[in-house]
Structures are given as structure tokens and as C-alpha cells.
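# A structural walkthrough
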Number of protein chains: 2
Amino acid sequence: MGITDRRLRQKEEVRQNIICTAWQMVMKDGWHALSIRKIADAIEYSVPVIYDHFENKEAILLEFSKEGFRILSAKIIEARDKFQDPAEQIRSMADAYWDFALNNLEHYQLMFGIGMACCEISKSMPEQENFRRLVSEPMEELAKKNQRGDVNICLKYHTFWSVMHGLISIKIVGNSAYDTELNKLVLDDAISGFIKNLS
Amino acid sequence: MGITDRRLRQKEEVRQNIICTAWQMVMKDGWHALSIRKIADAIEYSVPVIYDHFENKEAILLEFSKEGFRILSAKIIEARDKFQDPAEQIRSMADAYWDFALNNLEHYQLMFGIGMACCEISKSMPEQENFRRLVSEPMEELAKKNQRGDVNICLKYHTFWSVMHGLISIKIVGNSAYDTELNKLVLDDAISGFIKNLS
DNA sequence: TTACATTTGCTAACACTGTTAGGTTATTTA
DNA sequence: TAAATAACCTAACAGTGTTAGCAAATGTAA
């Protein structure tokens, strides 16, 4: 009885050791630097031992993804319970979501699969700058037309792109969980609101 | 003269051949299945020839990212020029953006780095379902409070998440191109509009 | 205490990956 | 015809995830 207990405990310890070591690697050099061999080296076990605890490398990364959702949920609850008014609750939860993503960047990236190949887009990519200009121009025009000298076009551009990109990212990652028609409705809804805000 | 011309032409042909073959692979098995060796095999050249045309594997993928931006820009222009009214232009551009992303999924993924590890989130991930419920509840409450039986909570949840996720994705990928303060403003702006729409 | 069974852990290999050094062959220029 | 250059290949380096098969330690039962 006690013997099997201890064994299970020791096995769990090794498992935690794997996760902990893996996380240190992800934090230090990013998720792409994670390697089964390096983990095995660090925990001073041979490689196949890792496979006694995890089916494959992806399963380890999935662990962090799940952990991320757990942390996020906790933060969301905490934020919600600060208020009674539902509008305030939503605002508070949005803040919590935002803070979580920024403070747990690695978690968030693994949760939603952000930043794989073709990173470093930001620097000197004329294609992106061109796109930005194209989208901004009509916004500027609309603002001018409505005598809205106060609006920050750069900000509006970001809002616009965020709505678009966010919706699409979610559709791609969580494929077919919700149908395209609904997503289109969300888009129309969001963009209508966007334009209204600019008028 | 003509000789160097032909050489340049032939070199360009090989380059195009590499890109074309690589793209076929990406379309067939996804970007993760892309392999320098497989490309070399397909174009019937040895591996180092690839490196005469591209610095590394990422450079090939970057080519598709750039191509994606070119296609998107063209679509955006096309959509814009259908209208004179800027509000209509924005709406049209949003539609074009949407269509582009759905019709050029591989391009879009490479452009913004979506869907790396930890895919297949959709299926049976209680953590995500839990999160969805948590976020939806106050929305439902707010709608009820304002006697808005018409609003689709599922839709609102998606809009909410899209704004959040989109903003954050962009911040992560295009790191430090725009400062955090601006992004926070965008968030507040978007969420305020969101709540207003729900009242 | 001995014999068997089970768990645990390892070595070594398979089949890949991106990348590059160095040499060979063919083509072009002087 | 000889030197220079470009084109191209072989073979290797240093990794990667994953697994088959074996050895040793540990537990259980006779």
C-alpha cells in the first residue's frame, strides 16, 4: 500500500521535474528551443523516461497551454468578483485578460499558437507599412468628413486590425467549433460599431 | 551580354521553381511539413542549391508572408475603389480582409504566425469551455438587466474575445513597434464600444 | 530464502531535420 | 589554350523526435 503510494509520488515528482525544467527552457529561450534531449539531460534521466510521462513533445507544451487557461480563469474570476455591476465586471475582466497576456506571454503564445515562423515582421517590412497606410486613409477621411479632429487614427487603425485579426485567429485555431456564418455576424457587428464610433 | 542575361533568367527560374514547389508542399501538408531536402528532391537539385537562392528555410516562408501582404493589399485596394463614401470603403475593406484570410488561409497563417504548437485546441478542452462560460455570464446578465432579449450572447462573446485576442496577437508579433500605452487605449476604446452596444 | 514477475531505466538505433565545408565539373573569359 | 569563375554535388556536422530491445533493480509469492 504505502510502497505503491511512494512510487506514485516519486513518479509524480519526476513528472513535475520534467514540466518544471521544460518551463525554464521555454522561459529562457522560447518554446522552439524546447528539446526532449535537453530536458532528459537536465533532469538526469535518459530520454525514454520522458515518454513514460508524456506521449510526445506536444503533450508537454499542451500542459502549459492548459496551465495558462487555469491561471487565466483564476484571474478572470478575481477581476469579476471585484464588482457587482456587470458592465464593470466586463471592464474588469478585460483588464485582467490584458494583464494576463502581457504578464504570461509564453503561456499566452502557447495557448493560442502565436509567433511561430516569420517572426520579426515588425522591422523593415514595407508590405506591412503599405497595408497600414491603405487602411488608415479612409479612416482619416471619415474623421475629417465628420469634423472629428479629436480621433487618433493610429489608435483606430489598431482597433480595426485587432478586431479583424482576433476574429480570424480564433476562427483558425478553434476550427469549426463555431460556423462561419456566426463569425461573419460578429465581424459585421464589430465593424458597424467601429464606424459608428468614428462618426 | 545575352549570356549573362540567360544565366540570370535561368537562376530566376530555379528560384521560382523553389518557391512554387515549397508552396505546393505548404498547401498540401502545412508549413511545418516544409523541408529543404524535400524541395531539393522535388526540383531535382542538390540541397545546397537552395541556399544559393535563400539564406535559410525561414527566408522561404518569409517570401510567402510578403506575397500574402501583396495579395491582401491588392484586394484591399480593389474593395476600396468600389465606393466613394469612406464609411462604405471601410466596410468593403473589412469584407475584403475577411475574404482574403479565409481564402488564403496558409498565407494568413504565415503572415501572422498562427497555429504553431498546441493546435487542435477546439476538441475537448474543458479549460477553454470554462473560460467561455466565465466571460459569457456577465454579458448575459447585462443584456437581461437592459431588457435586451435580442442580443446573441455567443456572438457577443466572440466579438469580445476577438478584440482582446486580436489586439494582443498584434502586440506580440509586431513587438515594440507601437508602445503599450497606445494598445491600452485601443483596448479601452474597443471595450467601451462593446459595452455600449450591449446596453 | 529462493523463483518469478514487474517495474524502471538505459543504450542504441531509426529516420528525420537545417546547414555548411570542400571538392569537382562545366562554362566563360582573357 | 590557360586561368577564372560559376554551378553543382558529396558528405559531413550537429541537431531533432521517437522507439525497439535489453539489463538491472525492485517487488511479490512459494
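Note that the structure is a prediction, hence the values are computed from the model and not measured.

## Description of the packing of aromatic side chains
All names here are of chain A. Enumeration according to the criterion identifies four aromatic pairs over all chains in this entry. Ring centres 4.7 Å apart and planes at 50 degrees place the aromatic pair W23 and F64 in the tilted group. Remark: F64 occurs in helix α4 (residues 57-80) and W23 occurs in helix α1 (residues 2-29); sequence separation between them is 41 residues. With respect to burial, W23 and F64 carry one shared label: buried.

## Comments concerning the protein's contact with DNA strand D
Around DNA strand D, the surrounding shell holds 20 residues, and the nearest of these are A:R37, A:Y51, A:N56, A:K57 and B:S46. Those atoms of DNA strand D that come within 4 Å of the protein belong to sugar or phosphate at a rate of 55%. One of the side-chain nitrogen or oxygen atoms of B:R37 is found 3.2 Å away from a base nitrogen of DNA strand D. Elements that contribute at least two residues to the surface near DNA strand D include exactly α1, α2 (36-43) and α3 (47-53) of chain A together with α1 (2-29) and α3 (47-53) of chain B.

## Looking at the relation of the copies chain B and chain A
For these two chain copies, the linking operation is a rotation about an axis paired with a shift along it. For the pair chain B and chain A, the relating rotation is 180 degrees, the translation along its axis is 0.0 Å, and the fit reaches an RMSD of 0.0 Å. Such a combination of turn and shift is consistent with a two-fold rotation axis. Among all residues of chain B, the minimum C-alpha distance to the rotation axis is found for B:G166, at 1.6 Å. Most of the interface of chain B is mirrored in chain A: 99% of its interface residues are interface residues there too.

## Quick notes on the packing of helix α4 (residues 57-80) of chain B against helix α6 (residues 105-112) of chain B
Residue and element names in this part refer to chain B. At their nearest, the axes of α4 and α6 sit 8 Å apart, and the two run at 110 degrees to each other. On the basis of the axis angle, α4 is roughly perpendicular to α6. Crossing of α4 against α6: the hand is left-handed. Counting all contacts with α4, which are made through L61, F64, S65, E67, G68, F69, I71 and L72, the residues of α6 involved are H107, L110, M111 and F112. Of the residues in the contact of α4 with α6, the class split is eight nonpolar, three polar and one charged.

## A closer look at the protein's contact with DNA strand C
In the region of DNA strand C, 20 residues are neighbours, and A:S46, B:I36, B:R37, B:Y51 and B:K57 sit closest. Sugar and phosphate atoms constitute 55% of the interface atoms of DNA strand C, taking the interface as everything within 4 Å of the protein. Within the side chain of B:S35, one N or O atom sits 3.1 Å away from a phosphate oxygen of DNA strand C. B:I36 is positioned such that a nitrogen or oxygen atom in its backbone is 3.0 Å from a phosphate oxygen of DNA strand C. Sorting the residues of the surface near DNA strand C by element identifies α1 and α3 of chain A together with α1, α2 (36-43) and α3 of chain B as the ones contributing at least two each.

## Quick notes on the confidence of the model for chain A
In this model, chain A carries a mean pLDDT of 81, and residues with pLDDT of at least 70 account for 86%. Between residues 118-123 of chain A, whose pLDDT stays under 50, and residues either more than four places distant or in other chains, the model counts 13 contacts.

## Regarding the environment of B:Q109
Here B:Q109 is to be found in helix α6. Spatially, the C-alpha atoms of B:Q109 and B:S65 are 8.5 Å apart, while their sequence positions differ by 44 residues.

## What about the interface of chain B and chain A?
A common way to express how large an interface is: the accessible area buried when the components associate. Taken together, the contact between chain B and chain A spans 96 residues of the former and 95 residues of the latter. Joining chain B to chain A, the criterion identifies four salt bridges. A salt bridge links A:E137 to B:R80, with the nearest nitrogen and oxygen atoms 3.8 Å apart. Taken together, the connections running from chain B to chain A amount to two residue pairs in polar contact (both at pLDDT 80 or more). No other element matches the 19 residues that helix α8 (residues 153-173) of chain B contributes to the side of chain B that touches chain A.

## A closer look at helix α5 (residues 86-103) of chain B
Helix length check: α5(B), at 18 residues, gives a terminal C-alpha distance of 25 Å against a target of 26 Å (1.5 Å per residue), a fit within 8%. Along α5(B), the residues classified as buried are B:P86, B:A87, B:Q89, B:I90, B:S92, B:M93, B:A94, B:A96, B:Y97, B:W98, B:F100 and B:A101.

## A closer look at unusual backbone geometry
Residue and element names in this part refer to chain A. One non-glycine residue, E44, lies in the positive phi region at around 60 degrees. The residue E44 is located in the loop between α2 and α3 in this model. Not every positive phi belongs to a glycine, and Q147 is a case in point at roughly 50 degrees. Mapped onto the elements of the fold, Q147 is located in the loop between α7 (126-145) and α8 (153-173).

## Here we look at the environment of A:V186
All names here are of chain A. The residue V186 is located in helix α9 (residues 180-197) in this model. Residue classification places V186 among the buried positions, given a relative accessible area of 1%. With 19 residues separating them in the primary sequence, V186 and L167 have C-alpha atoms 8.1 Å apart.

## Some words on the side chain of B:R80
Turning to its location among the elements, B:R80 is positioned in helix α4. Classification of B:R80 as buried rests on a relative accessible area of 19%. When sequence neighbours within four positions are dropped, the list of residues in contact with B:R80 reads A:L134, A:E137, B:Q89, B:S92 and B:M93.

## Quick look at the side chain of B:E63
Residue and element names in this part refer to chain B. Tracing the backbone through its elements, the reader meets E63 in helix α4. Taking the relative accessible area as the measure of exposure, E63 reaches 18% and is therefore buried. In this structure E63 touches R15, I19, F54 and R70, once residues within four positions along its chain are discounted.

Parameters and conventions
Residues numbered from 1 in each chain as written. Chains lettered and ligands numbered in written order. Predicted model: local features only at pLDDT ≥ 70, side-chain atom pairs only at ≥ 80, totals over all residues. Heavy atoms only, no water. Phe/Tyr/Trp six-rings, centres within 6.5 Å; stacked < 30°, edge-to-face > 60°. Helix = DSSP H or I, 4+ residues; strand = E, 2+ residues; numbered from the N terminus. Buried < 20%, exposed > 50% of the residue type's maximum accessible area, 1.4 Å probe, protein only. Near = heavy atom within 4 Å. Polar contact = N/O pair within 3.5 Å; in protein donor to acceptor, adjacent residues only side chain to side chain. Least-squares fit on C-alpha atoms with pLDDT ≥ 70 in both. Contact = heavy atoms within 4.5 Å. Axes fitted to C-alpha atoms, helices over the stretch in contact; angles between N-to-C directions. Parallel < 35°, antiparallel > 145°, perpendicular 65-115°, else oblique. Left-handed = near helix turned anticlockwise from the far one by under 90°. Nonpolar A, V, L, I, M, F, W, Y, C, P; charged D, E, K, R; others polar. pLDDT = per-residue confidence, 0-100. Salt bridge = Lys/Arg side-chain N within 4 Å of Asp/Glu carboxyl O. Expected span 1.5 Å × (residues − 1).

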